Amino acid sequence: VLFRSAKWSTRKGAVNCYHILLMLEAETAVLNGDKELAKQKYDAAITASARVGFIHDRALANERAGKYMFQLGDKYLAFHYLNVAIQLYLRWGAKAKAEHLLSKYKILLDEHHTPAMNKTVDRRWTWLTSKGKSVNSDMELRSRRRSFMMRS
């Protein structure tokens, strides 16, 4: 499957799937126990998905990299990747996914927050979930983001 994906993604004009190939290569490196190659491939997948504007795939690559770093015991990198994944999922509108990651890795995320970071995260959650309302549209999300940026 990986070989066929590699052949297909290198064809002319297939830039919108190259980041997926990199994620598959990262997962293969994880299975083979090649830690350094896995990190390089995850980082390349994150960069490639950002380049083509696929927020959801960038979030997924960060999430997978964060989970892998957490399994390896590298809490600093795990925190970084998972924190970015949560922010990207929120930007994409996947609030439930972001909340799932927050609850699953609560201990890790709480452990690495500085007081300044906690203030920012608390503000962000207050802004996103103000009065229990969910963000129902992209326009509403942009409006709330704009008001959040003005308050910060």
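Above this note sits the structure.
Just so we're clear, the structure is a prediction, and the values are computed from it rather than from any experiment. (Residues numbered from 1 in each chain as written. Predicted model: local features only at pLDDT ≥ 70, side-chain atom pairs only at ≥ 80, totals over all residues. Heavy atoms only, no water.)

Asks: Sorry if this is basic, but what is going on with the packing of aromatic side chains here?
Replies: Geometry of an aromatic ring pair is reported as the spacing of the ring centres plus the angle between the planes. Taken as a whole and assessed by the stated rule, the structure comprises two aromatic pairs. Judged by centre distance (6.3 Å) and plane angle (45°), the ring pair of Tyr 42 and Tyr 68 falls under tilted. Note that Tyr 42 is positioned in helix 3 (residues 35-52) and Tyr 68 in helix 4 (residues 55-72), a separation of 26 residues in sequence. Each of the two residues, Tyr 42 as well as Tyr 68, counts as buried. (Phe/Tyr/Trp six-rings, centres within 6.5 Å; stacked < 30°, edge-to-face > 60°. Helix = DSSP H or I, 4+ residues; strand = E, 2+ residues; numbered from the N terminus. Buried < 20%, exposed > 50% of the residue type's maximum accessible area, 1.4 Å probe, protein only.)

Asks: Would you explain the nonpolar core in this entry?
Replies: Soluble globular proteins: nonpolar side chains tend toward being buried together. Core analysis: the biggest nonpolar cluster contains 31 residues, and Tyr 42, Met 69, Tyr 81, Ile 86, Tyr 89 and Leu 101 have the highest contact counts within it. Mapped onto this core, the elements with two or more residues apiece are helix 2 (18-32), helix 3, helix 4, helix 5 (75-92), helix 6 (95-104) and helix 7 (106-112). Of the residues forming this core, the biggest block, eleven residues, is contributed by helix 5. If near-sequence neighbours (up to four positions away) are discounted, Tyr 89 is found in contact with His 56, Ala 59, Leu 60, Glu 63, Ala 94, Lys 97, Ala 98 and Leu 101. (Core = buried A, V, L, I, M, F, W, Y, C linked by side-chain atoms within 4.5 Å. Contact = heavy atoms within 4.5 Å.)

Geometry only, nothing functional implied.
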